[in-house]
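# Observations on the three-dimensional arrangement
Next come the chains, spelled out residue by residue.
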Amino acid sequence: MAKKILIILLLVFVTGGVASYVFFHRDSLALISPLFAGRDQTEKISKKVSQFNLDFTKAKELSTLASVPRYIVYNSETGLVYYSKGAGLKMSPASFTKLLTAQVALDLISLDREITVSEKAVDKVPTILGLKVGEILPASELLRGAIATSANDAAQALSDGAASLTGIYPSEFIYYMNRKAELLGMTHSHFTNPDGLDDQNQYSTLSDIAKLIHNVQKNYPDIVSAGKADNQDIVQTATHGKYYLPNWKGLLGVYPGVDGLKIAYTEDAGYSTIVTAVRDQTGVVAIVSGTDSYLERDRAAADLLDAAYLTKGLPPVRVSTLMLNRHYQVWGDLARKIRSEIKLTQGLN
């Protein structure tokens, strides 16, 4: 009898301990093992992985960017760094995170899969598309919304949808984001959400982000295309409404040769951008993080591109404040139109 009582007490202790661990650590549980729900997806996320190392042997700081806390510009093929500052500093990756979210989502599902928007996906702060619970959209549309427009609701819907269609929990999707980052050699990064909103346990460095970008450029042409897309709006259908997909990248259409890739902003990260460009068959990537405004962000990125291409003997473009302000005016008009239509739609529901 005493033995039975002891066994019962042990079972209560063990199951109670597991239950309390799951309750208090449920958000981090997926970072320990992917096997507590669906099938292991490691093989899928391991197929598209290209290693990339930066060469800092000739890198130096750019004197005109003294006020910018973190930046880097490098050759996208060789990894040669032309100029850098704070590339190894821990920072909030903000919406650069969406590049990782998109890679994992595309590892798990095809772009033609249809995704039902969840309640969690619409509970987001701007930037958003204004998605509604229950709408059904193809993953391809959500990808463009997450990358071109940097919409947080699109990124969450894409990650939740990929998880659901694969038979795993959303928390496991986060596990695979971290596993993918590990496979890419992003040793100074950790992720806790798919949209990039600030979290003390979500961090990266510019050097790690460069590895993420390289993998996009080598293995994910659909993400590259999404980064180029501008005003390729989502057309209304029987399963979802119309959504505008503006591209908020400041140098797209302003600096010759610029073709992407991603903007980012949070309170911790500041105004940040990844700019990819090709001039005279030379691919260059500039990353800027931590500036105080759109203007400072885009001027810094333009200066970095000019400085990099000068090393190749190409003349500087010298993007002016006037050129950028004209671009921002178009943005402002479009943003006001979108906000008013979202407000009108919400008022009708």
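Located above this text is the structure these notes cover.
Residues numbered from 1 in each chain as written. Predicted model: local features only at pLDDT ≥ 70, side-chain atom pairs only at ≥ 80, totals over all residues. Heavy atoms only, no water.

## Section: the overall build of the chain
Here is the rule we go by: A run of H or I in DSSP counts as a helix once it spans at least four residues, and a run of E counts as a strand once it spans at least two, with each numbered from the N terminus. Only protein chains enter the accessibility calculation, which uses a 1.4 Å probe. A residue is then buried if its area is under 20% of the maximum for its type, exposed if over 50%, and partly exposed in between. Residue contacts are defined here by distance: any two heavy atoms, one from each residue, within 4.5 Å place the two residues in contact. A 1.4 Å probe and the Shrake-Rupley method give the accessible areas. Residues count as covered only by the protein chains that appear here.
Across its full length, the chain holds 11 helices and seven strands. The 349 residues of the chain split such that 53% are buried. Excluding contacts between residues fewer than 6 apart, the proportion of contacts in the chain whose partners are at least 24 apart in sequence is 66%. Total accessible area on the chain stands at roughly 16500 Å², and carbon and sulfur atoms take up 55% of it.

## Side note on the side chain of Ser159
In this fold, Ser159 is placed in helix 6 (residues 152–166). Setting aside chain neighbours within four positions, we find Ser159 in contact with Thr101, Phe173 and Pro194.

## Examining the pattern of salt bridges
Counted only if it meets this: The term salt bridge refers to a pairing of a side-chain nitrogen on Lys or Arg with a carboxyl oxygen on Asp or Glu at a separation within 4 Å.
Within the structure shown, the criterion is met by seven salt bridges. Among the salt bridges present, the one from Lys218 reaches Glu77, with a minimum N-O distance of 3.2 Å. Of this pair, Lys218 sits in helix 8 (residues 206–219) while Glu77 sits in the loop between strand 1 (70–75) and strand 2 (81–85); the two residues are 141 residues apart in sequence, bridging distant segments of the chain. Note on Lys218: relative accessible area 42%, which makes it partly exposed. Residue classification places Glu77 among the exposed positions, given a relative accessible area of 53%.

## Overview of a positive patch on the surface
This is how it is decided: Each patch is built from salt-bridge-free residues with over 30% relative accessible area, joining like charges within 9 Å and nonpolar side chains (Val, Leu, Ile, Met, Phe, Trp, Tyr) within 5 Å. Counted as positive: Lys and Arg. Counted as negative: Asp and Glu, with His and the chain ends omitted from the count. Lys charges are placed at NZ, Arg charges at CZ, Asp charges at CG and Glu charges at CD.
The grouping of Arg39, Lys44, Lys47 and Arg113 at the surface amounts to a positive patch. With respect to the secondary-structure elements, Arg39 resides in the loop between helix 1 (2–29) and helix 2 (42–45). Note on Arg39: relative accessible area 70%, which makes it exposed.

## A word on the packing of helix 3 (residues 97–108) against helix 5 (residues 139–147)
Quick note on the threshold: Note on geometry: axes are C-alpha line fits, over the in-contact stretch for helices, and angles between N-to-C directions span 0 to 180 degrees. In this scheme, roughly parallel covers angles under 35 degrees and roughly antiparallel covers those over 145, while 65 to 115 is roughly perpendicular and the rest are oblique. Left-handed describes a crossing whose near helix is turned anticlockwise from the far helix through less than a right angle; right-handed describes the clockwise counterpart. When residues are grouped by polarity, Ala, Val, Leu, Ile, Met, Phe, Trp, Tyr, Cys and Pro land in nonpolar, Asp, Glu, Lys and Arg in charged, and all others, Gly among them, in polar.
Closest axis-to-axis distance for the helix 3/helix 5 pair is 10 Å, and the angle between their directions is 165 degrees. Our classification of the angle between helix 3 and helix 5 gives roughly antiparallel. In terms of crossing hand, the pair formed by helix 3 and helix 5 is left-handed. For the pair helix 3 and helix 5, the contacting residues are Lys98, Leu99, Ala102 and Leu106 in the first and Leu143, Ala146 and Ile147 in the second. The residue makeup of the contact of helix 3 with helix 5, split by class, is six nonpolar, no polar and one charged.

## Brief notes about unusual backbone geometry
Trans peptide bonds make up most of the peptide bonds, and negative phi angles are found at most residues other than glycine. In this chain, Pro126 is followed by Thr127 through a cis amide linkage whose omega measures 10 degrees. Among the structural elements, Thr127 can be located in the loop between helix 4 (119–122) and strand 4 (136–138). For the peptide bond that leads from Gly260 to Leu261, omega is 20 degrees, which places it in the cis range. For Leu261, the location among the structural elements is in strand 5 (residues 258–266). A positive phi angle, close to 60 degrees, is found at Ser150, a residue other than glycine. Here Ser150 lies in the loop between helix 5 and helix 6. For Asp280, which is not glycine, the phi dihedral falls at a positive 50 degrees. With respect to the secondary-structure elements, Asp280 resides in the loop between strand 6 (270–279) and strand 7 (282–291). Residue classification places Asp280 among the exposed positions, given a relative accessible area of 58%.

## Focus on the packing of aromatic side chains
Selection rule: Ring pairs shown here join Phe, Tyr and Trp side chains whose ring centres sit within 6.5 Å, with only the six-membered ring taken for Trp; geometry is labelled stacked below 30 degrees between planes, edge-to-face above 60, and tilted in between. Ring-over charges, as used throughout, are those where CZ of Arg or NZ of Lys falls within 6 Å of the ring centre and within 35 degrees of the ring normal.
Scanning all chains against the criterion turns up five aromatic pairs. With a centroid separation of 5.0 Å and an interplanar angle of 80 degrees, the aromatic rings of Tyr175 and Tyr176 are classed as edge-to-face. Each member of the pair, Tyr175 as well as Tyr176, is classed as buried. Each member of the aromatic cluster is reached from another via a ring pair, and the members are Tyr265, Tyr271, Tyr294 and Tyr328. Here the guanidinium or amino end of Lys90 rests over the ring plane of Tyr203, the centre of that ring lying 4.3 Å away. Cation over ring: Arg279 sits above Tyr309, and NZ or CZ is 5.1 Å from the ring centre.

## Thoughts on the nonpolar core
Operational definition: Only buried Ala, Val, Leu, Ile, Met, Phe, Trp, Tyr and Cys residues count toward a nonpolar core, and they belong to the same one when joined by side-chain atoms within 4.5 Å.
Residues Tyr74, Leu99, Ile213, Ile223, Ile274 and Ile287 are the most contacted members of the largest nonpolar core, which totals 64 residues. If you tally residues by element for this core, the top one is helix 3, at seven residues. Excluding residues within four positions of it along the chain, Tyr74 makes contact with Phe52, Leu54, Gly79, Leu80, Val81, Tyr82, Ala210, Ile213, Gly283, Val284, Val285 and Ile287. Val68, Val258, Ala308 and Leu324 belong to the second largest nonpolar core, which has 33 residues in total.

## Some thoughts on helix 10 (residues 294–310)
What counts, and what does not: What a helix is expected to span follows from its residue count: subtract one and scale by 1.5 Å.
Helix length check: helix 10 (17 residues) gives 24 Å between terminal C-alpha atoms against 24 Å at 1.5 Å per residue, within 8%. The buried fraction of helix 10 is high, at 12 of 17 residues. Within helix 10, burial applies to Glu296, Arg297, Asp298, Ala300, Ala301, Ala302, Leu304, Leu305, Asp306, Ala307, Ala308 and Tyr309.

## What about the sheet that holds strand 1?
Heads up, the rule is: Pairing between two strands is assigned when DSSP locates at least 2 bridges connecting them.
Pairing in this open sheet of five strands is antiparallel, and the strands run 2-1-7-6-5 from one edge to the other. Lying at the two open borders of the sheet, with one neighbouring strand each, are strand 2 and strand 5. Taking each pair of neighbouring strands and ignoring which way they run, the sheet shows an average axis angle of 5 degrees. Judged from the eight bridges that link them, strand 6 and strand 7 form a sheet pairing that is antiparallel. In the sheet register, Val278 faces strand 7, and the bridge partner there is Gly283. Against the sheet, helix 10 contacts strand 1, strand 2, strand 5, strand 6 and strand 7, and its axis sits at roughly 150 degrees relative to strand 7.

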